[in-house]
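# Observations on chain architecture
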Amino acid sequence: MSSQSGIFNSSIGRKIAMALSALFLIIFLIQHFTINVTSTFSPETFNSWSHFMGTNPLVQFVLQPVLLFGVTLHFVLGFILTARNRGARDVKYVRYNGNAHSSWMSRNMIWSGLFILFFLGFHFYDFWIPEINYKYIERLPADETRYYHEVQEMFHNPVRVVIYVLSFIFLSLHLLHGFQSSFQSMGARNPKYFPAIEKFGKLYSILIPAGFIFIALFHYINSL
Amino acid sequence: MDLTLKVWRQPNGSTKGKMEDYQVSGIDGDMSFLEMMDILNEQLIEKGEDPVAFDHDCREGICGMCSMQINGEPHGPEKATTTCQLHMRKFKNGDTIYIEPFRANGFPVVKDLAVDRSSFDRIIQAGGYISVNTSGNTLDGNAIPVEKKNADMAFNAATCIGCGACVAACPNASAMLFTSAKVSQLALLPQGRVEASKRVQNMVHQMDLEGFGNCSNVGACAEECPKEISLENIARMNREYLSASISSE
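Residues numbered from 1 in each chain as written. Chains lettered and ligands numbered in written order. Predicted model: local features only at pLDDT ≥ 70, side-chain atom pairs only at ≥ 80, totals over all residues. Heavy atoms only, no water.

## Side note on the overall build of chain B
The secondary structure content of chain B amounts to nine helices and seven strands. Seen along its three principal axes, the alpha-carbon backbone of chain B occupies a region of about 60 × 35 × 35 Å. Considering only contacts in chain B between residues 6 or more positions apart, those separated by 24 or more positions represent 69%. Surface accessibility of chain B: about 10,800 Å² in total, with carbon and sulfur atoms responsible for 49%. The positive charge centre, built from 23 side chains, and the negative charge centre, built from 33, are 4 Å apart in chain B. (Helix = DSSP H or I, 4+ residues; strand = E, 2+ residues; numbered from the N terminus. Contact = heavy atoms within 4.5 Å. Areas by Shrake-Rupley, 256 points an atom, 1.4 Å probe, with all protein chains shown as cover. Lys, Arg positive; Asp, Glu negative; His and termini not counted. Charge placed at Lys NZ, Arg CZ, Asp CG, Glu CD.)

Laid out in structure tokens, this is it:
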């Protein structure tokens, strides 16, 4: 019997690809947060780390494309999995009591994910495009001190702050299921250590987005 | 106890179905859900109407034949219970109960509440066995030492009765809990290791062919399983599959 047509064509293979890209993004988020949070207590450190990230060729031409690939793979797989899953039950239940057996977050990953995707589009428009324009189109001279002022200016706008806060609430909801789910997909679950992964996952899912919200609010309040 | 039942009626797999309302009265709290359905069918037969088709066999919670989505949950509101073991005392006088078939493309409706779960049989046929030489020199299975922890986990996985509640509960109609229980019950024992790699690949391949959805670790399957098969089995199957895919030639 022909048993398989490639690991990533199977349901488990797609789960594993989803989990790997999720774990990569979880690690990236820690790095992103660590740099951003320095803007609340040391503008010099924030400027110097941002300048390093924005000009280092390894970060710019290796890590950044890997990150773009990871993000794209994660949401494209998310769409594919959701479409296939919706198609696995053509006739829907008249009554389906989802809350009896599962969390809202776990059943609505596509909606929290779509909100995060919308935010990423906004974040790219807001940050990445001006950055590319500054460095590669207008070719303005490198200025190691500009980053902190740019952040201050951005968070002066309350609409932007509201979008950021809402997005990180959705990110928290997404992570509350996604963190432990990525470990489960990789097969990392046993009664001894999985409760610790779940606890750490909950902490991470609340603290990291809360930290990003704090940064946005900090700069907004400071700008008043 | 007087109840209003909203029951899915569908003459056959190729005709569209719909919910029909029925009234049943004089239901005793000590009756099982299936006995309540028997009373409904007696009423229907007396009126010359077509009785509601539903699957059942042992009526003692061990065969896996009874199904039914009751008020939005497979096998009804009680945990670790099959429909045949669900008692009417779990409902109140005047309640309205929604009764639907287990819904998934992998479980096509045969009639009313009866669905075709032979997709599970085909998943088992794809690898849910061990090859044993029965030429007269068969080894006694008990002669092979098995660690107690593994024996217990294999036994727990083997308590899966293949009812399909996992598929019915899953928002993705995924059959991962069933397949993983059948993979685990053999993968955990020395006799099952010989064919472990091919087994997991063939069973997952068949599961995908049957049109079940992908697992997104929602966990509804384990919550609704009448035999409380745990999510650790799915994690074990993921590990087995990953390792088999990497090591296969």
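## Re the overall build of chain A
Within chain A, the secondary structure is distributed over eight helices and zero strands. Secondary structure elements of chain A occur, N-terminal to C-terminal, as α-α-α-α-α-α-α-α. Principal axes of the C-alpha set define a box for chain A whose edges measure 65 × 40 × 40 Å. Taking all 224 residues of chain A together, the buried fraction comes to 45%. Nonlocal contacts in chain A, meaning residues at least 24 apart in sequence, comprise 77% of its contacts between residues at least 6 apart. (Buried < 20%, exposed > 50% of the residue type's maximum accessible area, 1.4 Å probe, protein only.)

## Observations concerning the interface of chain A and chain B
Accessible area lost upon the coming together of the parts is a frequently used measure of interface size. Between chain A and chain B, the contact holds 40 residues from the first and 51 residues from the second. Mapped onto the side of chain A that touches chain B, the elements with two or more residues apiece are α1 (11–37), α3 (57–86), α4 (104–107) and α7 (158–185) of chain A. No other element matches α1(A), which puts six residues into the side of chain A that touches chain B. Residue classes in the side of chain A that touches chain B are distributed as 13 nonpolar, 18 polar and nine charged. (Nonpolar A, V, L, I, M, F, W, Y, C, P; charged D, E, K, R; others polar.)

## Description of the sheet that holds strand β4 (residues 73–74) of chain B
Residues and elements named next belong to chain B. Reading across the sheet, the five strands line up as β2-β1-β5-β3-β4 and stay open at both edges, with mixed pairing between neighbours. The sheet is open, and its two edges are formed by β2 (18–24) and β4, each paired on a single side. Bridging between strand β3 (residues 69–70) and strand β5 (residues 96–100) involves two bridges; their strand directions are antiparallel. Its bridge partner being in β5, Q69 is matched across the sheet by E100. Relative to the sheet, helix α1 (residues 33–46) contacts β1 (3–9), β2, β3 and β5, its axis offset from that of β2 by approximately 90 degrees. (Pairing = 2+ DSSP bridges. Axes fitted to C-alpha atoms, helices over the stretch in contact; angles between N-to-C directions.)

## Description of the layout of surface pockets
In this approach a probe as big as a water molecule rolls over the atoms, and the regions it shows empty are the leftover space. Here the second largest pocket is characterised by a volume of approximately 450 Å³. Around the second largest pocket, the lining comprises 24 residues; the ones closest to its centre are H177(A), Q180(A), E198(A), N217(B) and V218(B). Within the residue set of the lining of the second largest pocket, elements represented by two or more residues are α4, α7 and α8 (194–223) of chain A together with α8 (220–224) of chain B. Sorting elements by how many residues they give to the lining of the second largest pocket places α7(A) first, with six residues. When grouped by side-chain class, the residues that make up the lining of the second largest pocket number seven nonpolar, twelve polar and five charged. (1 Å grid on protein atoms, 1.4 Å probe; cavity = no way out; pocket = protein on both sides within 12 Å on 5 of 7 lines; lining within 4 Å. Points joined across faces, edges and corners; volume = space filled by probe spheres on them.)

All we've got here are geometric facts, nothing functional implied.
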